[in-house]
Amino acid sequence: MEEPKVHQNSYYDPGVNRAKRVRALFDQIARRYDVINDIQSGGMHRLWKRRLILEAPIIPGSSALDVCCGTGDLSFALAAKGAEVTGLDFSQAMLDQARSRGDARMADTERKKPLFIEGDAMALPFMDDSFDVVTMAYGLRNLSHWQNGLRELHRVTRPGGRILILDFGKPPNQLWRSIYYSYLRLVVPVLGWSLVGDAEAYRYILTSLQHFPAQRGIESEMLKMGCRGLHTHLFMGGVMSLNMGTA
Ligand SMILES: C[S@@+](CC[C@H](N)C(=O)[O-])C[C@H]1O[C@@H](n2cnc3c(N)ncnc32)[C@H](O)[C@@H]1O
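Now for a look at the structure at hand.

About the cut-offs
- Residues numbered from 1 in each chain as written.
- Predicted model: local features only at pLDDT ≥ 70, side-chain atom pairs only at ≥ 80, totals over all residues.
- Heavy atoms only, no water.
- Near = heavy atom within 4 Å.
- Polar contact = N/O pair within 3.5 Å; in protein donor to acceptor, adjacent residues only side chain to side chain.
- Areas by Shrake-Rupley, 256 points an atom, 1.4 Å probe, with all protein chains shown as cover.
- Helix = DSSP H or I, 4+ residues; strand = E, 2+ residues; numbered from the N terminus.
- Nonpolar A, V, L, I, M, F, W, Y, C, P; charged D, E, K, R; others polar.
- Core = buried A, V, L, I, M, F, W, Y, C linked by side-chain atoms within 4.5 Å.
- Buried < 20%, exposed > 50% of the residue type's maximum accessible area, 1.4 Å probe, protein only.
- Contact = heavy atoms within 4.5 Å.
- Axes fitted to C-alpha atoms, helices over the stretch in contact; angles between N-to-C directions.
- Parallel < 35°, antiparallel > 145°, perpendicular 65-115°, else oblique.
- Left-handed = near helix turned anticlockwise from the far one by under 90°.
- Patch = residues over 30% accessible without salt bridge, like charges linked within 9 Å, V, L, I, M, F, W, Y side chains within 5 Å.
- Salt bridge = Lys/Arg side-chain N within 4 Å of Asp/Glu carboxyl O.
- Disulfide = S-S within 2.5 Å.

**What about the site of the ligand?**
And step 1. Around the ligand lies a shell of 19 residues, among which Y33, C68, D89, A121 and A137 are the nearest.
And step 2. Within the side chain of K49, a nitrogen or oxygen atom sits 3.1 Å from an oxygen atom of the ligand.
And step 3. At 2.6 Å from an oxygen atom of the ligand is found a side-chain nitrogen or oxygen belonging to D89.
And step 4. Isolated, the ligand exposes 600 Å² of accessible area, and the fraction of that covered by the protein chains is 97%.
And step 5. Looking at the shell around the ligand, the elements with two or more residues in it are α1 (18–29) and α2 (33–41).
And step 6. In the shell around the ligand, the residues fall into 11 nonpolar, 5 polar and 3 charged.

Right, dumping it as C-alpha cells:
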C-alpha cells in the first residue's frame, strides 16, 4: 500500500548519525517517558505489553533478554514471571529510570531483579544461543538498520527459543490508517510539547513508522531468517502489532 506524504523530522536522520539522534531523543524525554506513554495510548500500552508477556513461554529460571528495554516495563514483567532478565538499552537516561523503578518495583518480591546494561541492539554483547526468550518493544523501528537488529535478536536466541516484537503497526484498512496517522501527526506532538517541551521528539514516531515496513516486513524477514511458528497479532485493527517466532 502506498504511504501518504512521508513527514521529515530532525530526529530522523537516515544517515550515519541516526543512532546518535535517536539516543539524544530518548535521553531528552526519559524522565517523562512513562507518563507520556500512558497518556498517548490511554493506558493501552500496558495491555499490549501484557499480551506479549502472556505469549512469552517463561518458566522459573528461563533466561530472557529485553532489547531496547527503556524504562523496563517488559523487563519487570518478565522478572515477575520468574525469568532471569537482562535489559539492554543505549540511553543512559532511560536505564537510570529503569534502575530506580527496579528498586521500588522489585522491593517486595522474591524474584530476581532484572540486570540493566548499556549496549547496542545492533551489536549485542552476548554469545549465540544465549537466551530462552528475547523481547523488544518499540525498539526495532528506531534502529538504523532494522534487519540487522532482527538478526541480532535471532542470533542470541537459543534454537527453540521465542522472539517477541511489539511495535507501532500499519493498519491494513486505508481509512483507519489515515485516521491513525492523523492522530500521530496532530495529537501526539502536542503531548510531547506540553509534557517535555519537545513536539519534534513525538512527531518522530510517525516519521520513523513511515520509514519502517512494520508487521508484514518483520514477518517476512523472520521467515527468511528461518524462524518457525510465526504469528502476528494485530491490536486495534493494526495500530500496534506483535510479531512472534521461534528461533
Ligand atoms: C520507544 S523506547 C521503548 C522502551 C521500552 N521497550 C518500552 O516499551 O517502553 C525505545 C528504546 O530503544 C532504545 N534504543 C534505540 N536504538 C537503540 C540501539 N541501537 N541500541 C540500544 N537501544 C536502543 C532507546 O534508547 C529507547 O530506550
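From this point on, the discussion continues.
**As for the nonpolar core**
And step 1. With 73 residues, the main nonpolar core has L65, V67, L140, L150, L153 and Y202 as its most contacted residues.
And step 2. No other element matches the 6 residues that helix α8 (residues 199–210) contributes to this core.
And step 3. The contact partners of L153, leaving out residues within four places of it in the chain, are V67, L124, V134, M136, I163 and I165.

**So, the packing of helix α3 (residues 44–55) against helix α4 (residues 73–80)**
And step 1. Viewed as axis vectors pointing N to C, α3 and α4 meet at an angle of 45°, and their least axial separation amounts to 10 Å. Overall, the two elements α3 and α4 adopt an arrangement that is oblique. Viewed along their axes, α3 and α4 form a crossing whose handedness is right-handed. On the side of α3, the interface is formed by H45, K49, L52 and I53, while α4 contributes D73, L74, A77 and L78.
And step 2. Taken together, the residues of the contact of α3 with α4 break down into 5 nonpolar, 1 polar and 2 charged.

**Thoughts on the side chain of Q215**
And step 1. Within the secondary structure, Q215 sits in helix α9 (residues 214–225).
And step 2. For Q215, the side chain forms a polar contact with the main-chain oxygen of K170, separated by 2.7 Å.
And step 3. Residues within four places of Q215 in sequence aside, it is in contact with G169, K170, T232, L234, S241 and N243.

**Concerning a nonpolar patch on the surface**
And step 1. Nonpolar side chains collect at one region of the surface, where L175, W176, I179 and M236 lie side by side and expose about 400 Å² of accessible area between them.
And step 2. Mapping I179 onto the fold places it in helix α7 (residues 174–196).

**Re the pattern of salt bridges**
And step 1. Applying the stated rule across the entire model yields 15 salt bridges.
And step 2. Across the pair R158 and D132 runs a salt bridge, and its minimum N-O distance is 2.6 Å. Residue R158 is found in strand β5 (residues 157–168), and its partner D132 is found in strand β4 (residues 131–137); the two are separated by 26 residues along the sequence.
And step 3. E219 is paired through a salt bridge with R216; the nearest N and O atoms lie 3.2 Å apart. Residue E219 and its partner R216 are both found in helix α9; the two are separated by 3 residues, about one turn of the helix.

**A short note on the state of the cysteines**
And step 1. A full pass over the atoms with the stated rule returns 0 disulfides.
And step 2. Note on C69: no disulfide assigned, nearest cysteine sulfur contributed by C68 at a separation of 8.0 Å.
And step 3. Residue class for C69 comes out buried when judged on its relative accessible area of 6%.
And step 4. With no disulfide partner, C227 has as its closest neighbouring cysteine sulfur the one in C68, 17 Å distant.

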